[in-house]
Structure formats: structure tokens, C-alpha cells
Amino acid sequence: MPTTASHLYPQASAVDDGRLTIGGCDAAELAREFGTPLYAIAEDDLRGRAREFRAAMGDGEVIFASKAFPCTAVLRVFEEEGLSVDVASGGELALARKAGFQGDRILLHGNAKSARELEAAADVGARIVVDNFDDIDKLDALGKPAGVLIRVTPGVVADTHAAILTGHAGSKFGFSLAQAPRAIERLQNAAWADLHGLHMHIGSQLFDLEPWRLAVEAIATLGDFPAYDLGGGLAVAYTPDRRPPSVAEYVSAMIASATELLGEGKRLSIEPGRSLTASSGVTLYTVESVKDVDLPDGNVRFVGVDGGMSDNLRPMLYDAPYQADLVDRVGATGTPCTVVGKHCESGDVLIREIALHEPKPGDVLVTPVTGAYVYAMANNYNGVPRPPVVFCKDGDARLVVRRETFEDLHGRDV
Ligand SMILES: Cc1ncc(COP(=O)(O)O)c(C=O)c1O
Ligand SMILES: N[C@@H](CCCC[NH3+])C(=O)O
């Protein structure tokens, strides 16, 4: 009898006699058909998550932070589901446009926007999140009408990795509480600007709801505005022991803080990235080598796969934990292994310790919860082409991003 896979896998997945399927597609077959490494995405999970956020937000706006998965096909799904989109560069703006987003359903972010990026956003009628006085100078010079929000650094410290903390005093993002009044005054007096309100984003992969409340309290001191964008940041579980707030718990806490501290009837937005896409994606690898190393304190079994820090930088950047299974032996008892990548760095370790059942070369290994900031940060270290993205739905697998080729690598030489 098919069973539901561990809750780390997409909802649209199952395990039948130890074999994993994603969106009705057999994982081993996907690896055979498309090669590995491969990003496999359960399309129904993307849509389900978007609907869950929209239902929880009611009249409020759900803006997808496209940096989490900057891929036209993913953006198109969210466009169809009625979300807005946040872009942090001219490139992300181009992806969002290609996916069908128009006008003020697009928000431009960035702490170092170029005049060209600002103009491109104004030309398509996107809202602009103003981060610093240089943004204002550039927009003054441009003189094109634009809806704007002001990003404020509320000065709260949330509990997450230092590299993805953004709302503390000393963050490179936004205006401090002391600078914000001057920015507000300048934008209220700029003929081209339609000031909607304030924006904050205190960090990413956050489990605790309290810092958001403190941040809303801080920005409430800056005056009364029609619109507030409270940013993203909801955590996801990368390992079975973690329990982040549900979408409903998170959204109701945000709405409650906003209603109490900012007043009734505000236009509220949130900007989830990770929590919209992470759990819809898995990465498939082929095991290329299995090596036992005897050390004074015990044996280490290295399982070397055909990818690593080029397709998932998160373990190296943030010590991010991941789980893994062999796709045809899910749930089988195993012995401790260290899953390493193929790159020329000792730190290229995907998983420090995970039990795998008799891994051998040719096995297909899967890491769940790789739908956010994984494809997004893929790179060509060691001349490794970036993997393809395949959407899986009702047993059909659809290639939405092709694998890079060696020719693509040559293409960078002029
Ligand atoms: C301005 C802004 N909004 C939204 C997000 C999305 O955050 P998350 O993926 O944690 O939901 C980010 C990234 O942290 C961000 O910088
Ligand atoms: N890249 C980070 C998240 C960055 C958040 C962007 N502001 C991660 O993988 O966790």
C-alpha cells in the first residue's frame, strides 16, 4: 500500500514499497529521464501553499519574494494564483515580467539599486521600496511617477543565522528609525512620488513570532499610513524535529499586531519566499563513490554525490541541516553516513550525518526541502553546469529549466 512520505517531502509525494514518487512521478525514473543532479518540484504543492497564504491573508496582499526561487515557471504559477511579486534586481524584474506580472503587482527592492533598475521599475508601473537617500536622489532626477514604500530598519534582533538577519540596528537595509522621518518628509513632498506607506523585513527562517510584533511596534511610532508591508521570514522545517508556526498562526499574529498597533483598515502585505517554495522541491543526486575512512574515534563513511555546493550552497553558507534518503529504499534502516559533494573543497559537505541503507555507486539520493534558495544560489564552481528544474504533477514530468551545457560555460568567454 502506498503511504504518505515523511512530512518533509511535498504533500504530493508518496512512498510505495520504499520507492519515492513526487507529484506522481517515480523519483528513480526522473533521475533516469532527466539526469542528476535534478531539482524536482511538486507543482500542486506550490499552488497549495499560495492558496493557503491567500486564504489566511483575506483582503491582504501576498507578495512572493522571487529571490527564493527565481524561475519563470514558478513565478507563472504564483501569477496565476493571484500573488504579487518582489524583485531585487533588474534580472528578477525581467523574470517576473516574462511570467506575466504587470504594473503594481511588482515591487522593486534593493539596497544598491541602479538608476537603470529604478527607471525600468517606474516604466512598468511597479511599486518601489525606497531603501536609502540615494534611491530618492535618483528617483528625483528621473522624475517619473511611482508608488513608493519606505523600508525601515526597526532595530529588532530576531533569532536566526547572522547572515540572514536584516531588521537590527546596523543592518545594511533600509532607513534607521532616526533617518526615516526625513525620508518620509522628502517623499511626501516629491511631486513624482505616491507614498503608500512603510515596509519592514526583519530576517529569514524565523520561528518566533514575538520579534515581528516588536518591529511593528517600532514602525508604528513613525506616523499613520494607508499601507504596510511586513516583509517575509517565516521558517520552514528542514529536519523533522523543527516545528515552525503554521501559515495560519503566522498570518493571524501579523494581522493581530498590525490591527492593534497600526490601526484598523490598513492595506497589509506580507512577502513570503522560503515558506512558499521550500517544501515543494527535492533534489536528486546520483551516488558516485562510497569511501570508508578509519579514524581513532570511529569509522566515517563518505557518500560522494554528483553535485554539492554548486547546486546547494546553504550547508556551506549557513551550516543548514538537510535530510536524505535513497529513492528506492525510503524508510529502510541504515548506518551513519556523511554525504559530500564533488567539489574541490573539504567543506563541500551536504549532510554531516544521516543514516542510509547500504549506499553504493549508482544509487539515487534525494534531499527534501530544497525548493527555496537552492536553485536560486546555484553556481558553476568547478565548471559544473547548473541542474535542470522539472515540474511533477499527476504523474507527468515537465522540464521547465533545461540543464546548462558545457557550451553555456564557454559562452561566458568573449
Ligand atoms: C525584502 C525581503 N522580503 C522578503 C524576503 C523573503 O524572506 P523569506 O524567504 O524568509 O520569507 C526577503 C529575504 O529574506 C527579503 O529580503
Ligand atoms: N539565502 C538565504 C535567505 C536570504 C534571505 C534574503 N533576504 C537562505 O538560504 O537562507
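Everything below is about the structure printed above this text.
So, how was this worked out
Residues numbered from 1 in each chain as written. Chains lettered and ligands numbered in written order. Predicted model: local features only at pLDDT ≥ 70, side-chain atom pairs only at ≥ 80, totals over all residues. Heavy atoms only, no water. Helix = DSSP H or I, 4+ residues; strand = E, 2+ residues; numbered from the N terminus. Rg over C-alpha atoms; globule rule 2.2 N^0.38 Å. Contact = heavy atoms within 4.5 Å. Areas by Shrake-Rupley, 256 points an atom, 1.4 Å probe, with all protein chains shown as cover. Lys, Arg positive; Asp, Glu negative; His and termini not counted. Charge placed at Lys NZ, Arg CZ, Asp CG, Glu CD. Near = heavy atom within 4 Å. Polar contact = N/O pair within 3.5 Å; in protein donor to acceptor, adjacent residues only side chain to side chain. Nonpolar A, V, L, I, M, F, W, Y, C, P; charged D, E, K, R; others polar. Pairing = 2+ DSSP bridges. Right-handed = clockwise from strand over helix to strand, strands pointing away.

### Regarding the overall build of the protein
- Of the regular secondary structure elements, the protein holds 12 helices and 22 strands.
- In terms of overall dimensions, the protein is globule-like: its C-alpha atoms have a radius of gyration of 22 Å, near the 22 Å expected for 414 residues.
- Projected onto the principal axes, the alpha-carbon positions of the protein cover approximately 70 × 50 × 45 Å.
- Considering only contacts within the protein whose residues lie at least 6 apart along the sequence, 67% involve residues at least 24 apart.
- Of the accessible surface of the protein, which amounts to about 17500 Å², a share of 50% is contributed by carbon and sulfur atoms.
- When the 39 basic and 58 acidic side-chain charges of the protein are each reduced to a single mean position, those positions are 3 Å apart.

### As for the site of ligand 1
- The full set close to ligand 1 counts 15 residues, and H201, S204, E271, R274 and Y373 are the nearest of them.
- Residue K67 places a side-chain N or O atom 3.1 Å away from an oxygen atom belonging to ligand 1.
- Within the contact set of ligand 1, an oxygen atom lies 2.6 Å away from a side-chain nitrogen or oxygen of Y373.
- For ligand 1, whose unbound accessible area comes to 390 Å², protein coverage reaches 93%.
- Across the shell around ligand 1, the residue classes tally to three nonpolar, seven polar and five charged.

### Topic: the site of ligand 2
- For ligand 2, the full set of nearby residues is K67, I164, R274, R314, Y318, Y373 and M377.
- At a separation of 2.7 Å, an oxygen atom of ligand 2 approaches a polar side-chain atom of R274.
- Measuring from an oxygen atom of ligand 2, one finds a side-chain N or O atom of R314 at 2.6 Å.
- For ligand 2, the protein covers 84% of the area, taking 310 Å² as the surface of the free molecule.
- Residues belonging to the shell around ligand 2 are distributed by class as follows: four nonpolar, no polar and three charged.

### Side note on the pairing of strand β14 (residues 267-270)
- Strand direction decides the pairing type here: strand β6 (residues 61-65) and β14, joined by two bridges, are parallel. Each residue of the ladder has a partner; that of E61, found in β14, is S269.
- The pairing of strand β13 (residues 227-229) with β14 spans three bridges and is classified as parallel. Looking at β14, one finds that A227 is bridged to R267.
- With helix α9 (residues 247-262) bridging β13 and the parallel β14, this β-α-β connection has right-handed handedness.

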